[in-house]
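# Remarks on the overall topology
Chain by chain, the residues run as shown.
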Amino acid sequence: MSGEKRVLVACGTSIATATVVAEKVKDIAREAGIPVRVAQCKAAEIRGRIDTFTPHVIVATTPVPKDLGIPVFNGVPFLSGVGMDKLEAQILEVLKTA
């Protein structure tokens, strides 16, 4: 594993839910010893942010296009708590192999 991993968090407005999810992603990466940089955006801005930020993973709390060429995870479990452990494990697996 080399270098910093980039995670893009997308939601409808890029304010409240994206902030919560971004903090959770930072926490799980830190606990796993993975250096991570997290950026937030609105779902409508996602293609442009991919071009400038080049994320390894996208975590979205709202529907985003399926053809982005980057692993996309549904971030709702970080908000609801339901299925959060499984989601954390899936994200960490991708970050470890990215």
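Residues numbered from 1 in each chain as written. Predicted model: local features only at pLDDT ≥ 70, side-chain atom pairs only at ≥ 80, totals over all residues. Heavy atoms only, no water.

## What to know about the side chain of T61
Inclusion rule: Comment: elements are numbered from the N terminus, with helices defined as DSSP H or I runs of at least four residues and strands as E runs of at least two. Throughout, exposure labels follow a simple rule: accessible area from a 1.4 Å probe, protein chains only, divided by the maximum for the residue type, with under 20% read as buried, over 50% as exposed, and the rest as partly exposed. In protein, a polar contact requires one atom able to donate a hydrogen and another able to accept it; more generally it is a pair of N or O atoms within 3.5 Å, and residues adjacent in sequence count only if both atoms are side-chain atoms. Should any heavy atoms of two residues lie within 4.5 Å, those residues are considered in contact.
Position of T61 relative to the elements: it lies in the loop between β3 (57-60) and β4 (72-74). Residue classification places T61 among the buried residues on the basis of a relative accessible area of 18%. Within polar-contact distance, the side chain of T61 engages the side chain of T17 at 3.4 Å. Discounting chain neighbours no more than four positions away, the residues touching T61 are A10, C11, T17, V21, G75, V76 and L79.

## Thoughts on the packing of helix α1 (residues 16-31) against helix α4 (residues 84-97)
Defined as follows: Note on definitions: angles span 0 to 180 degrees between N-to-C directions of axes, and those axes are lines fitted to C-alpha atoms, for helices only across the stretch in contact. Throughout this description, any angle smaller than 35 degrees is read as roughly parallel, any larger than 145 degrees as roughly antiparallel, any in the 65 to 115 degree range as roughly perpendicular, and the remainder as oblique. Helix crossings get a hand from a simple test, with the near helix turned counterclockwise from the far one by less than a right angle marking a left-handed crossing and a clockwise turn marking a right-handed one. Any residue outside Ala, Val, Leu, Ile, Met, Phe, Trp, Tyr, Cys, Pro, Asp, Glu, Lys and Arg is labelled polar, Gly included; the first ten of those are nonpolar and the last four are charged.
Axis separation between α1 and α4 bottoms out at 11 Å; the angle between their running directions is 65 degrees. The orientation of α1 relative to α4 falls into the category roughly perpendicular. Once α1 is placed against α4, the crossing between them reads as right-handed. Residue-level inspection shows K24, I28 and A29 of α1 in contact with α4, the latter providing M84, E88, I91 and L92. For the contact of α1 with α4, a count of residues per class yields 5 nonpolar, no polar and 2 charged.

Shape descriptors only; they carry no functional weight alone.
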